[in-house]
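Understanding the architecture of this molecule
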Amino acid sequence: MDKVDVCIIGAGLSGACIARALASHNKTVLIIDVRSRVGGRLLTAESGCDMGGAWLWPRSEHNMANLLQELNIETVPMRMDGVSMAYTSDDKQHVIPDGQAAMYAACGGGALRIRNGASKLVSELLREHSVQLGMQVTQIDYVNKKEVKLKCVKIDSIDGNSTRMITCSAVVIAAPPKVVATTIQFVPNLPKEKVDNMIATPTWMQDYGKVAVSFHTNWWRQQGLSGVSIDHVGAVATWWEACSGSDNDGTLPTLAGFVTEQGAEVLHKIILDDSSSLFEYILESIRRVYGVDLDTKKDVTIQGSPEKDGLIITNGSITVSYKSWLQDAFTNAKDEGPNQQSERLNFTCDYGDELCKRSIEPLFFAGTETAAGAHGHMEGAVIAAERAAAEVLHYLCNE
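Here goes a summary of the coordinates provided. Just so it is clear, the model here is predicted, and its values are computed rather than measured. (Residues numbered from 1 in each chain as written. Predicted model: local features only at pLDDT ≥ 70, side-chain atom pairs only at ≥ 80, totals over all residues. Heavy atoms only, no water.)

The next subject is the packing of aromatic side chains. Inspection of every chain in the model, using the stated rule, returns 10 aromatic pairs. Considering the side-chain rings of Trp-219 and Trp-220, the 5.2 Å spacing of their centres and the 90° angle between planes classify their relative orientation as edge-to-face. Each of the two residues, Trp-219 as well as Trp-220, counts as buried. Three or more aromatic residues link up through ring pairs in this structure, and these residues are Trp-55, Trp-57, Tyr-208, Trp-240 and Phe-258. The ring of Phe-365 is capped by Lys-194, whose NZ or CZ atom sits 3.8 Å from the centre of that ring. The ring of Trp-325 has Lys-323 sitting right over it, with the charged end atom 4.5 Å from the ring centre. (Phe/Tyr/Trp six-rings, centres within 6.5 Å; stacked < 30°, edge-to-face > 60°. Buried < 20%, exposed > 50% of the residue type's maximum accessible area, 1.4 Å probe, protein only. Lys NZ or Arg CZ within 6 Å of the ring centre and 35° of its normal.)

Right, dumping it as structure tokens:
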């Protein structure tokens, strides 16, 4: 049985920041994540495009700005220069004059993105830490507060020895509250009011998806376009430049777009019928919105899946990637689980809910949904991490 000072459940940005803070105080830390990669909802495609969290606003999000500066990680301003496009429900294309892109961009004005992808930040934070991937925590036994026991199961284990027990002095749960409440059994049970509020807290990105389209040339810049567009007809509601493909900004010029819950349902049906048809659907959307001719070939390669790290379809020099957070079981959790009572909840909780983030020593709770501000942003993940790390250190010093 392994023993460490602190177990952190969740290898996303919040968990990574907590690990860094605790290690700086000479605490032994083990990070556990059910996914086969670090980053959580920070997911970067091969092109360098972010398929999850992507933006920060340094004028107001000082914690993220300071963290990137400490780690010497570069950022890139979101492109707003050039003409933008819109396609409205009356099947008309509209040209938005230069200088107005920020009014229509999903990120608004003043946003930056991390050069070559946000998941790079988490990888850097966890570079010297012990991380167990593909490991699902199914039970936390904190009857003995001085020796918490975690039961973990190796996902897709090919041998019969898939269960692992870990003991620690404290646990930090840096995962979406609803996912935690519906997948982990606590012994003894968490207070019912806390569990209810955890389940009633929406998970950031649970209803959304992202599409990225990579090209060999940056045709929108060549045509004087910003890359920003809005589409009232297709499943992808808004587009922007995710990578320029030059000056060490991604490997390929890439446009990315948000898929709303309704759009995600449309794409899900398309993929069920024929996953390769997603490629043509997305390209037709770009042709319609931007008024651009895009040539394709007949050779199509398909890999991955939208509910995991993304469905990737390549045809000639163009690659379409689609990540559905709506279909991701570790993001869009079911309403039922080992800690839920029989009745259905008829309320929702705001991010930063006091009960959700309140510790039950030796258990501590982090993640962007628990942040006092900047909920759903990377900034929120950092804020929550600073709070949780301080709580753990205070607890261990007084244990």
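This brings us to the sheet that holds strand β3 (residues 55-56). On the basis of which strands lie adjacent, the open sheet formed by 3 strands has the order β3-β7-β4 and antiparallel pairing. The open sheet has two edge strands, β3 and β4 (75-77), and neither has a second partner. (Pairing = 2+ DSSP bridges. Helix = DSSP H or I, 4+ residues; strand = E, 2+ residues; numbered from the N terminus.)

Below, the discussion takes up unusual backbone geometry. The step from Val-187 to Pro-188 runs through a cis peptide bond, and the omega angle for that step is -5°. Along the chain, the position of Pro-188 falls in the loop between β12 (185-187) and α6 (192-199). Here the residue pair Glu-361 and Pro-362 is connected by a cis peptide bond, since its omega of 15° sits within 30 degrees of zero. Assignment of secondary structure puts Pro-362 in the loop between α10 (354-357) and β20 (363-365). Despite not being glycine, Ala-374 has its phi angle at roughly 55°, a positive value. With respect to the secondary-structure elements, Ala-374 resides in the loop between β20 and α11 (378-397).

Attention now goes to the sheet that holds strand β15 (residues 236-243). Read from one edge to the other, the open sheet built from 9 strands follows the order β6-β5-β14-β15-β16-β13-β19-β18-β17, with strand pairing classed as mixed. The two strands at the open ends of the sheet, each matched to only one other strand, are β6 (92-96) and β17 (300-305). Adjacent strand axes in the sheet meet at a mean angle of 20°, parallel and antiparallel pairs treated alike. Where strand β13 (residues 209-214) meets strand β16 (residues 254-259), 6 bridges bridge the pair, whose relative direction is antiparallel. Note on β16: the bridge partner recorded for Gly-209 is Val-259. Along the sheet face, helix α8 (residues 261-273) touches β13, β16, β18 (310-315) and β19 (318-324) and points at about 110° away from the line of β16. Against the sheet, helix α9 (residues 277-290) engages β5 (83-88), β6, β13, β14 (225-231), β15, β16, β18 and β19, with an angle of about 110° to β14. (Axes fitted to C-alpha atoms, helices over the stretch in contact; angles between N-to-C directions. Contact = heavy atoms within 4.5 Å.)

A few words on the pattern of salt bridges. As a working rule, side chains carrying opposite charge can pair if their charged atoms are close by. The final tally for this structure, using the stated rule, is 18 salt bridges. Each member of the salt-bridge network shares a partner with another, and the members are Arg-113, Arg-221, Glu-241 and Asp-249. (Salt bridge = Lys/Arg side-chain N within 4 Å of Asp/Glu carboxyl O.)

It is worth spelling out α8 at this point. Taking 1.5 Å of rise per residue, 13 residues should cover 18 Å, and α8 covers 19 Å from first to last C-alpha, within 8% of that figure. Every buried residue of α8 is listed here: Gly-263, Ala-264, Leu-267, Ile-270 and Ile-271. Along α8, the residues classed as buried sweep out an arc of 120° about the axis, all on the same side. Opposite the buried face of α8, at more than 90 degrees from it, the exposed residues are Gln-262, Lys-269, Leu-272 and Asp-273. As for α8, its buried residues are in contact with β13, β16, α9, β18 and β19. (Expected span 1.5 Å × (residues − 1). Arc of directions from axis to C-beta.)

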